[in-house]
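Descriptive analysis of the structure
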Amino acid sequence: MSRGARGFATKAKVNVRRRRKPRAKKPVVLPLTGVGIRVLSLDSSSKACGWAVFDDGQLVEYGRYNQVGDSHEERLSRFHTWLLEMFAQWKPTRVIYELPYQGRMKNTFGVLSKYIGVIEAAYWTHFQAPVPPEDAFAARLVKKTIGAQKGKDHEANKRIVLLLVNQKFSLSLKFKANDTKKKVSQDDEADAIALNWAWHLLYYEGFDGRERGFESSSS
């Protein structure tokens, strides 16, 4: 503290430099050997969770879990139980999931984030380890990796991904616009398959006869 001409105390000015936040580093992913690798992919929402299992790069099973319960709390609890059952049944080597799109309305993003939190909690319960950062996918990365063109709206994007999955894996998954109760549409299953497909293209050396699309920071 210093005193001015009239004896009043004045604060000395201190120049404080703000530190810049360090940029997030890309994860270093080693080439996979292709021996005994089982990948379980999850595409979750507050209504359903599409899932798919790949063994050594081959699609072996897929399906959809419908969220059940009278409240979010009950649905989250039942979802956690189902996830642990899936982990015990399939014994996956890796569990991958799609992150909620942050461009959505705040309320929607907040709700979806709760379901992602349940996946992470169930993962820790089963594996006693945190989820590797490369196993949490941004939706736009999935579409970019499998070569899905951008549609005019959300429904169009769903249809485009589903058609690509059907073509790639010789499936006959159905799509119906505005089918919010999923009585016909199987886009949740298609999204889970697309997620697993994208993961393999990025991190599985030799998948589809390609080298990894992701270059590690050590290369």
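For the structure itself, look to the data block above.
The rules we used
Residues numbered from 1 in each chain as written. Predicted model: local features only at pLDDT ≥ 70, side-chain atom pairs only at ≥ 80, totals over all residues. Heavy atoms only, no water. Axes fitted to C-alpha atoms, helices over the stretch in contact; angles between N-to-C directions. Helix = DSSP H or I, 4+ residues; strand = E, 2+ residues; numbered from the N terminus. Parallel < 35°, antiparallel > 145°, perpendicular 65-115°, else oblique. Left-handed = near helix turned anticlockwise from the far one by under 90°. Contact = heavy atoms within 4.5 Å. Nonpolar A, V, L, I, M, F, W, Y, C, P; charged D, E, K, R; others polar. Buried < 20%, exposed > 50% of the residue type's maximum accessible area, 1.4 Å probe, protein only. Pairing = 2+ DSSP bridges.

To continue, consider the packing of helix α3 (residues 139-146) against helix α5 (residues 187-203). Orientation of α3 relative to α5, taken along the N-to-C sense of each, is 70°, at an axis distance of 9 Å. Accordingly, the angle class assigned to the pair α3 and α5 is roughly perpendicular. Viewed along their axes, α3 and α5 form a crossing whose handedness is left-handed. For the pair formed by α3 and α5, the contact residues are Leu141, Val142, Thr145 and Ile146 on the first element and Ala194, Leu195, Trp197, Ala198, Leu201 and Leu202 on the second. Across the contact of α3 with α5, the residue classes break down as 9 nonpolar, 1 polar and no charged.

This paragraph deals with the pairing of strand β4 (residues 48-55). Judged by how many residues are buried, β4 sits mostly within the fold: 7 of 8 residues are covered. The pairing of strand β3 (residues 38-44) with β4 spans 7 bridges and is antiparallel. Bridge assignment links Val39 to a residue of β4, and that residue is Phe54. Pairing between β4 and strand β5 (residues 58-66): 8 bridges, direction antiparallel.

Take it as geometry only, folks, not as evidence of what the structure does.
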